[in-house]
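Architecture and fold: a report
Okay, here's what each chain looks like letter by letter:
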Amino acid sequence: MTALSVLDLSPIVEGSNASQSLANSLDLARHAERLGYKRYWLAEHHNMPGIASAATSVVIAHVAGGTRTIRVGAGGIMLPNHSPLVIAEQFGTLNALHPGRIDLGLGRAPGTDMATARALRRNLDAGADNFPQDVVELMGYFQPAEDGQRIRAVPGEGEKVPIWILGSSLYGAQLAAMLGLPYAFASHFAPAELDHALEIYRSRFQPSEQLDRPYVMLGLNVFAASSDAEARLLFTSLQQAFVNLRTGRPGRLPPPVEGYERDLDPMAKTMLGQALSCAVVGSPETVRQGIEAFVRRTGADELMVTAQIFDHAARVRSFEILADAHESLSEAA
């Protein structure tokens, strides 16, 4: 059965703060570990009032230090924002601290607006266009050092940190296939090119030292509760946050609102229907059927599940319900 993992943006909810969000992330990671999830990834976003994982490597250290067995990583590091050497040193350090448990997912988007990207990078000439070269340079720093090598990542060299390519378009699929790397597609918020990207990645994949066959992980929103109605109510927090973001009003994750979608204007409804089409929202049986159908349609090797739920206890419960549904599907298989 397809493996399950967690994608966490460490949401800052209305009325709370980053300290509580980061504590919640560690608590959820511990529950995910207990429930048998394979990975716990954190995402790099900047200048977002509702996301506490901007210093992604630091948060990964926080979560890895508070867990024992679950893999912890970046979903992902937006490489144009950073020097490849710095990321090699950071993730080499993480892997030295937590051997065999660290993943490094790489994306080429800024993870923010362009004004913030300028503040992050200072030099926009070294941006997304250099992404393939930066990935190859970064991979090189993880190789054992050669005699006379002038620039070395310490820690980093010789550390076996698995690298993933992240994407929401065909570009990432082509690069992951060419380099023989596992591919994670952001279908949880940008599903338009999903089927085409999967076809390109699988058909063009070239085996590498890291991977001998294509491996696909797909983002999926899952909001699970005791009933369909309760799950749909929880889902309205994400719907509100998405509308706010797309209309230039990003903020903290809002509480659920009864009848939110009913009162939306048609354009906002259409946008949500497209952007969040890869979502499974409902009771335990609805969730079981939903993930089974999604895996059957896509052939995903792994699902990276995200759930922007306002109430932390409800969020933990959602992942518990999903784990139970996954177990029942595995037993049936």
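Residues numbered from 1 in each chain as written. Predicted model: local features only at pLDDT ≥ 70, side-chain atom pairs only at ≥ 80, totals over all residues. Heavy atoms only, no water.

Looking at the overall build of the protein chain
Summing up its helical and strand segments, the protein chain has eleven helices and nine strands in all. The C-alpha atoms of the protein chain give 19 Å as radius of gyration, which agrees with the globular expectation for 333 residues (20 Å, within 12%). Seen through its principal axes, the protein chain has C-alpha atoms that stretch 65 × 45 × 40 Å. A buried classification covers 53% of the 333 residues belonging to the protein chain. Relative to all contacts within the protein chain whose residues are 6 or more apart in sequence, the contacts with residues 24 or more apart total 73%. Working note: accessible area of the protein chain is about 14700 Å², and carbon and sulfur atoms make up 52% of it. For the protein chain, the distance from the average position of its 28 positive side-chain charges to the average position of its 36 negative side-chain charges is 1 Å. (Helix = DSSP H or I, 4+ residues; strand = E, 2+ residues; numbered from the N terminus. Rg over C-alpha atoms; globule rule 2.2 N^0.38 Å. Buried < 20%, exposed > 50% of the residue type's maximum accessible area, 1.4 Å probe, protein only. Contact = heavy atoms within 4.5 Å. Areas by Shrake-Rupley, 256 points an atom, 1.4 Å probe, with all protein chains shown as cover. Lys, Arg positive; Asp, Glu negative; His and termini not counted. Charge placed at Lys NZ, Arg CZ, Asp CG, Glu CD.)

A short note on the packing of helix α3 (residues 84-97) against helix α5 (residues 131-141)
Two elements in contact, α3 and α5, have axes separated by 9 Å at closest approach and are oriented at 40°. In terms of their interaxial angle, α3 and α5 are classed as oblique. Crossing geometry of α3 relative to α5 is assigned as right-handed. Of the residues in α5, those in contact with Pro84, Leu85, Ile87 and Ala88 of α3 are Asp134, Glu137, Leu138 and Tyr141. In the contact of α3 with α5, the residues fall into six nonpolar, no polar and two charged. (Axes fitted to C-alpha atoms, helices over the stretch in contact; angles between N-to-C directions. Parallel < 35°, antiparallel > 145°, perpendicular 65-115°, else oblique. Left-handed = near helix turned anticlockwise from the far one by under 90°. Nonpolar A, V, L, I, M, F, W, Y, C, P; charged D, E, K, R; others polar.)

Quick word on the layout of surface pockets
Considered as a void within the structure, the second largest pocket measures approximately 380 Å³ in volume. Lining the second largest pocket are 15 residues, with Gln143, Lys160, Val161, Glu209 and Gln210 positioned closest to its centre. A per-class count over the lining of the second largest pocket returns eight nonpolar, four polar and three charged. (1 Å grid on protein atoms, 1.4 Å probe; cavity = no way out; pocket = protein on both sides within 12 Å on 5 of 7 lines; lining within 4 Å. Points joined across faces, edges and corners; volume = space filled by probe spheres on them.)

Side note on the packing of aromatic side chains
Under the criterion given, the structure shown has seven aromatic pairs. Judged by centre distance (5.3 Å) and plane angle (40°), the rings of tyrosine 183 and tyrosine 201 are tilted. Note that tyrosine 183 is positioned in strand β6 (residues 183-185) and tyrosine 201 in helix α7 (residues 194-204), a separation of 18 residues in sequence. In terms of burial, tyrosine 183 and tyrosine 201 fall into one category: buried. Considering the side-chain rings of tyrosine 201 and phenylalanine 205, the 5.7 Å spacing of their centres and the 75° angle between planes classify their relative orientation as edge-to-face. A relative accessible area of 0% means that tyrosine 201 is categorised as buried. Members of the aromatic cluster, each reached through a chain of ring pairs, are Tyr183, Phe185, Tyr201 and Phe205. The side chain of arginine 108 reaches across the aromatic face of tyrosine 171, ending 3.8 Å from its centre. (Phe/Tyr/Trp six-rings, centres within 6.5 Å; stacked < 30°, edge-to-face > 60°. Lys NZ or Arg CZ within 6 Å of the ring centre and 35° of its normal.)

Some words on the environment of isoleucine 102
On the secondary structure map, isoleucine 102 appears in strand β4 (residues 102-107). Residues isoleucine 102 and isoleucine 163 lie 61 residues apart in sequence; the distance between their C-alpha atoms is 9.6 Å.

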